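A structural walkthrough
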Amino acid sequence: MGSAFALGCAFFWAFAVILFKKAGESFSPIALNIYKSVVAMVLVGLTMRVMGIPFFPDVPPRVWWILVLSGLSGITLADIFYFSALNRLDAGMVAVVECLYLPGVLGFSYILLGERMGVLGIIGSGLVLCAILVGAVKDLKPGTIGNGQTLWGLCAGVLAMMFMALGIVIAKDVLDQADVFWATFVRVTAGTLGLVPIVLCHPERMRFARELKFSKAWLNAFPATVSGNYIALVLWVAGMKYTTASRAGVLNQMSTIFLFILATVWLKEKMTAQRLAAIFMAATGAYLVIVN
């Protein structure tokens, strides 16, 4: 079940990335983070209300604090850096940077949780990473890495993946004691509140306010938020709860492969032999991880 949730998360996040890329043309990274965090918090809260899930369950204070730290790391910090990278890098570079999420999860799960993967899992992880590089390498434009905007985008992308990996792995230890929707709500709420001091102290806070006024940009940002920060986020937490962090991390990384497929179907990009090979490699790797 956990593997299915992790793969579902990867699909819906890939779908959201395409829409977030368009939304990023109208929103700055911080304004976009505010918008999608507030919308996600409202959607998860309404779901809890409908399902009768309590907002203040009887759990130890430690569970609250760990989920709050998880939200600050995996949402507040990770998303600000991720959207900064998304605005500065092309699709191929974003795909390469996203490869760092998997080593981050594997590293943190080994250090913090003591998880170890079997031989099949290691081979599968390697196949998924190789598949992403194979599929993305043709999109890389030579001579752009020395560009200042690209360098900042790369640095932001690396930080985003590390904060994202740390944020979800530290939550793994307490998810057995928490409802998936409640844990998601606490993380999103913490991530949203974490933006408040950043916005209030930012010299361009008035620009953020202007960007968040209702406009046509909301048409792109809203479906992206529903897909990426409501459906995918809930599935992400569920995947981490019902399987190991290492396995969930590998299957989450399939989002890049789904992105290749969606770009072909939706954006009419050409499905090259290179990308077909990448999809086959990734599917084989994901299978090995699941049966490991």
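The coordinates are above.
What you see is a predicted model; the values in this text were computed from it and never measured.

Here Ser-84 is to be found in helix H3 (residues 61-88). Residue classification places Ser-84 among the buried positions, given a relative accessible area of 7%. For Ser-84 and Ser-28, which are 56 residues apart along the polypeptide, the C-alpha to C-alpha distance reads 8.0 Å. If we skip the residues at most four places from it in the chain, Ser-84 touches Pro-29, Trp-152 and Ala-156.

It is worth spelling out the packing of helix H13 (residues 255-265) against helix H14 (residues 273-291) at this point. Running from N to C, H13 and H14 point in directions that differ by 140°, and their axes come no closer than 10 Å. For the element pair H13 / H14, the angle class is oblique. Between H13 and H14 the crossing geometry is left-handed. Contact residues: Ile-257, Phe-260, Ile-261 and Ala-263 in H13; Arg-275, Ala-278, Ile-279 and Ala-282 in H14.

One pass over the structure, following the stated rule, counts two salt bridges. Of the charged contacts, one joins Arg-62 and Asp-173 as a salt bridge, the two residues approaching to 2.6 Å between their closest N and O atoms. Taken together, the residues span a long stretch of sequence, with Arg-62 in helix H3 and Asp-173 in the loop between helix H7 (148-172) and helix H8 (180-193) at a distance of 111 residues. Residue classification places Arg-62 among the partly exposed residues on the basis of a relative accessible area of 45%.

Further remarks concern the nonpolar core. By size, the foremost hydrophobic cluster in this structure holds 91 residues, and its most contacted members are Phe-20, Leu-67, Tyr-82, Tyr-101, Trp-182, Met-240 and Ile-257. Ignoring sequence-local partners within four residues, the contact set of Phe-20 consists of Trp-13, Leu-32, Lys-36, Phe-83, Leu-86, Ala-224, Thr-225 and Asn-229.

The next point concerns the environment of Met-254. Locating Met-254 in the fold gives a position in the loop between helix H12 (245-252) and H13. The sequence separation of Met-254 and Val-199 amounts to 55 residues, and the corresponding C-alpha distance is 33 Å. In this structure Met-254 touches Leu-7, Ala-10, Val-128, Ala-282, Ala-283 and Ala-286, once residues within four positions along its chain are discounted.

It is worth spelling out the packing of H12 against H14 at this point. Contact geometry for H12 and H14: axes closest at 10 Å, N-to-C directions at 165°. With respect to their mutual orientation, H12 and H14 come out roughly antiparallel. Judged by the twist between their axes, the crossing of H12 over H14 is left-handed. Packed against H12, whose contacting residues are Arg-247, Val-250 and Leu-251, the element H14 presents Ala-286, Val-289 and Ile-290 at the interface. Per-class residue counts for the contact of H12 with H14 are five nonpolar, no polar and one charged.

Let us now look at a nonpolar patch on the surface. Together, Val-119, Leu-120, Ile-123, Tyr-287, Ile-290 and Val-291 line one region of the surface with nonpolar side chains, adding up to about 550 Å² of accessible area. Of all the secondary-structure elements, those providing two or more residues to the nonpolar patch are helix H6 (119-136) and H14. Note that Ile-123 resides in helix H6. Residue class for Ile-123 comes out partly exposed when judged on its relative accessible area of 43%.

What follows is about helix H5 (residues 101-113). If you check H5, its first and last C-alpha atoms are 17 Å apart, about what 13 residues at 1.5 Å a residue would give, namely 18 Å. Taken as a whole, H5 has its buried residues at Tyr-101, Leu-102, Gly-104, Val-105 and Ser-109. Taken around the axis of H5, the buried residues stretch over an arc of 155°, which confines them to a single face. Directly beyond the C-terminal end of H5, a positive phi value near 70° is found at Gly-114.

Further remarks concern the environment of Asn-229. On the secondary structure map, Asn-229 appears in helix H11 (residues 217-242). Note: C-alpha distance between Asn-229 and Ser-37 (192 residues apart in sequence) is 7.4 Å. When sequence neighbours within four positions are dropped, the list of residues in contact with Asn-229 reads Trp-13, Phe-20, Lys-36, Ala-40, Asp-79 and Ala-224.

With that settled, consider the packing of aromatic side chains. One pass over the structure, following the stated rule, counts eight aromatic pairs. Here the aromatic rings of Phe-11 and Phe-258 are separated by 5.7 Å at their centres, their planes lie at 80°, and the arrangement is edge-to-face. With Phe-11 in helix H1 (residues 2-23) and Phe-258 in helix H13, the pair connects residues that are 247 residues apart, well separated along the chain. Looking at Phe-11, the relative accessible area reads 33%, which means it is partly exposed. Each ring, one from Trp-64 and one from Trp-182, has its centre 5.0 Å from the other, and the planes form 85°; the classification is edge-to-face. Of this pair, Trp-64 sits in helix H3 while Trp-182 sits in helix H8; the two residues are 118 residues apart in sequence, bridging distant segments of the chain. Classification of Trp-64 as partly exposed rests on a relative accessible area of 26%. For Trp-182, a relative accessible area of 1% gives the class buried. Aromatic rings pair up to connect Phe-11, Phe-12 and Phe-258 into one cluster.

Cut-offs and rules
Residues numbered from 1 in each chain as written. Predicted model: local features only at pLDDT ≥ 70, side-chain atom pairs only at ≥ 80, totals over all residues. Heavy atoms only, no water. Helix = DSSP H or I, 4+ residues; strand = E, 2+ residues; numbered from the N terminus. Buried < 20%, exposed > 50% of the residue type's maximum accessible area, 1.4 Å probe, protein only. Contact = heavy atoms within 4.5 Å. Axes fitted to C-alpha atoms, helices over the stretch in contact; angles between N-to-C directions. Parallel < 35°, antiparallel > 145°, perpendicular 65-115°, else oblique. Left-handed = near helix turned anticlockwise from the far one by under 90°. Salt bridge = Lys/Arg side-chain N within 4 Å of Asp/Glu carboxyl O. Core = buried A, V, L, I, M, F, W, Y, C linked by side-chain atoms within 4.5 Å. Nonpolar A, V, L, I, M, F, W, Y, C, P; charged D, E, K, R; others polar. Patch = residues over 30% accessible without salt bridge, like charges linked within 9 Å, V, L, I, M, F, W, Y side chains within 5 Å. Areas by Shrake-Rupley, 256 points an atom, 1.4 Å probe, with all protein chains shown as cover. Expected span 1.5 Å × (residues − 1). Arc of directions from axis to C-beta. Phe/Tyr/Trp six-rings, centres within 6.5 Å; stacked < 30°, edge-to-face > 60°.

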